[in-house]
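Summary of structural features
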Amino acid sequence: MPADPNMKILVVDDMSTMRRIVKNIMKQLGFANVEEAENGQDALDKLRADSFGFVISDWNMPVMTGIELLRAIRADDKLKGIPVLMVTAEAQKENLVEAIQAGVSNYIVKPFSAEILQEKMNKIFK
Amino acid sequence: MLNGSPKLYDELGELARYLETAMRKMADVGAPMVAGSAQLPQATAHLLDLNKMTEAGTMEVMRLTEIIQDNRAMAAKEFASVVSTLEAVDCKTLAARLGKTASELAQDDKHLMDIMTALSFQDLVAQRVKKLVTIVEDVQCKLVELVVVFGLKQESATPETQGKAGEMLKQLEASKSTAIKQDLADELLSEFGFK
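Reference entry: report on the structure contained in this document. Keep in mind that what you see is a predicted model, and the values were worked out from it rather than measured.

**Here's the deal with the layout of surface pockets**
Its volume calculated, the second largest pocket comes out at about 200 Å³. Among the secondary structure elements, those contributing two or more residues to the lining of the second largest pocket are helix 1 (16-28) of chain A together with helix 1 (6-88) and helix 2 (92-118) of chain B. Broken down by element, the residue count for the lining of the second largest pocket peaks at five residues, all from helix 1 of chain B. Residues belonging to the lining of the second largest pocket are distributed by class as follows: four nonpolar, two polar and five charged.

This is how it looks when you write it as C-alpha cells:
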C-alpha cells in the first residue's frame, strides 16, 4: 500500500540540521505532516501521545539511542506496527544486523540522497 | 635488619638510585605535561566551537535554500496557470514554449534538494568532533592523574606559552577577540572616513 501523503511522520535526531534536512526532503516528496524529536525518549513520548504512521530515526543520540527506541517501539503493543527507518552513520555490519534483529523496516547510511530515501520509503510502503 | 645482607643492601641502593633518576626524568617532563593538561580544555572548547560554527552556517544555507524552494513552488504554480490559460485561448505555441521553460526550471528543484542533502556533512563532522572531544577529555584525565601521582604540579609553569600547541592555542584564543563582524568593521571604516 503506497504511503499516505497525510500520514504523520516523526523525524528523530539530536542534530537539528539533520532533522531539517530530512523534514525538507519529506516535504519535497509530498509529506508535509512531519514532526521532530531530539532523542529516543522524546520520540517515545510523542509516539505515545499522538498517532504516527512512520518513524525516521538516527542511531547515535543522547538519553535514548535509535536502537533503544526501535526496541521500545517493537515492545509496545500500540506502537509495534509503525514502520521505522534507521538513518545512521554507523555502517558497521553488526549495527545493521542488530537493527534487523530489533525489527527495523529499512536502513539508510549517511550521507544519503533524496532518491535513496524515496526508494526506501517505496519499499516500506509497497 | 640489613646487617649480614650486603647484597640486599646493594640492590636496595640500586633501586633507590633508579627511582631517583626516574623521578628526576619525570620532573623534567613535568612542565610540558602540566602545560599539556592545562591546554586540553581550551582545545576541547575550540573543537566544540567548530560544531557551533558549522551548524550556524549550515542552518543559514538551509534557510536560504528553503526560501528559494518555496518561491519556486509558487512560480511553478503560476507557470502552470498561465500555460493552461494560454492553451484555453488557443495560444498553443506560446503555451508550449512556456511549458518547456517551466520544466527546465523544474530541474533546479532537484539541485536544491541535492544542496539540502549535501548539508548532512555537518552532522557527520559534528559526530566526529564529539568523538574527538571524548578522546581529548580522556587524555586530559590521564595527564592530570600523572601530574597528581608524580607531584609534577609546578607553580612556575606557564601552560599557554609552551610549544607549538601553545602557540596555536594562543592564535585560536586571539581569533575570538580579534575576529570582528562586518557591522563593526563598517563602523570602524566610517570612523576613518570610508563611505
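Back to the text.
**Thoughts on the side chain of Gln69(B)**
If you trace the backbone, Gln69(B) turns up in helix 1. On the basis of relative accessible area, Gln69(B) is assigned to the buried category, the value being 7%. Every residue in contact with Gln69(B), bar those within four places of it in the chain, is listed here: Asn24(A), Gln28(A), Leu112(B), Met113(B) and Met116(B).

**Description of empty space enclosed by the protein**
Residues and elements named next belong to chain A. Overall, the coordinates contain one cavity of 30 Å³ or more when judged by the stated rule. Along its surface, the largest cavity is lined by Val11, Val12, Asp13, Met18, Arg19, Val22, Ile56, Ser57, Asp58 and Val87. Among the secondary structure elements, those contributing two or more residues to the lining of the largest cavity are strand 1 (9-12), helix 1 and strand 3 (54-57). Residue contributions to the lining of the largest cavity peak at three residues, all from helix 1. Among the residues forming the lining of the largest cavity, the class breakdown is six nonpolar, one polar and three charged.

**Considerations on the environment of Glu38(A)**
All names here are of chain A. In this fold, Glu38 is placed in the loop between strand 2 (34-37) and helix 2 (40-49). Placed 19 residues apart in sequence, Glu38 and Ser57 show a C-alpha to C-alpha distance of 9.8 Å. Contacts of Glu38, omitting those with residues within four sequence positions, involve Asp13, Asp14, Arg19 and Met61.

**As for the interface of chain B and chain A**
On the chain A side, the residues contacting the 21 residues of chain B number 22 residues. Summing both partners gives a buried area of about 1800 Å² for chain B against chain A, and 57% of it is carried by carbon and sulfur. For chain B, the biggest contributors to the area lost against chain A are Met113(B), Thr117(B) and Asp123(B); these three give 27% of the whole. Linking chain B to chain A there are five salt bridges.

**Some points on the packing of aromatic side chains**
Between two aromatic rings, the relevant description is the distance of the centres plus the angle of the planes. Residue and element names in this part refer to chain A. For the coordinates displayed, the defined rule picks out two aromatic pairs over all chains. Ring centres of Phe54 and Phe125 lie 5.2 Å apart, and the angle between their planes is 80°; this geometry places the pair in the edge-to-face category. Of the two residues, Phe54 sits in strand 3 while Phe125 sits in the segment after helix 5 (114-124), which places them 71 residues apart along the sequence. On the basis of relative accessible area, Phe54 is assigned to the buried category, the value being 0%. Here Trp59 and Tyr107 contribute two aromatic rings whose centre-to-centre distance is 6.5 Å and whose plane-to-plane angle is 75°, an arrangement assigned as edge-to-face. With Trp59 in the loop between strand 3 and helix 3 (66-75) and Tyr107 in strand 5 (residues 106-109), this residue pair connects regions lying 48 residues apart in the sequence. Taking the relative accessible area as the measure of exposure, Trp59 reaches 7% and is therefore buried. Here Tyr107 falls in the buried class, since its relative accessible area comes to 9%. Directly above the aromatic system of Phe52 lies the positively charged group of Lys8, at a separation of 5.6 Å from the ring centroid.

Parameters and conventions
Residues numbered from 1 in each chain as written. Chains lettered and ligands numbered in written order. Predicted model: local features only at pLDDT ≥ 70, side-chain atom pairs only at ≥ 80, totals over all residues. Heavy atoms only, no water. 1 Å grid on protein atoms, 1.4 Å probe; cavity = no way out; pocket = protein on both sides within 12 Å on 5 of 7 lines; lining within 4 Å. Points joined across faces, edges and corners; volume = space filled by probe spheres on them. Helix = DSSP H or I, 4+ residues; strand = E, 2+ residues; numbered from the N terminus. Nonpolar A, V, L, I, M, F, W, Y, C, P; charged D, E, K, R; others polar. Buried < 20%, exposed > 50% of the residue type's maximum accessible area, 1.4 Å probe, protein only. Contact = heavy atoms within 4.5 Å. Buried area = accessible area lost by both parts, 1.4 Å probe. Salt bridge = Lys/Arg side-chain N within 4 Å of Asp/Glu carboxyl O. Phe/Tyr/Trp six-rings, centres within 6.5 Å; stacked < 30°, edge-to-face > 60°. Lys NZ or Arg CZ within 6 Å of the ring centre and 35° of its normal.

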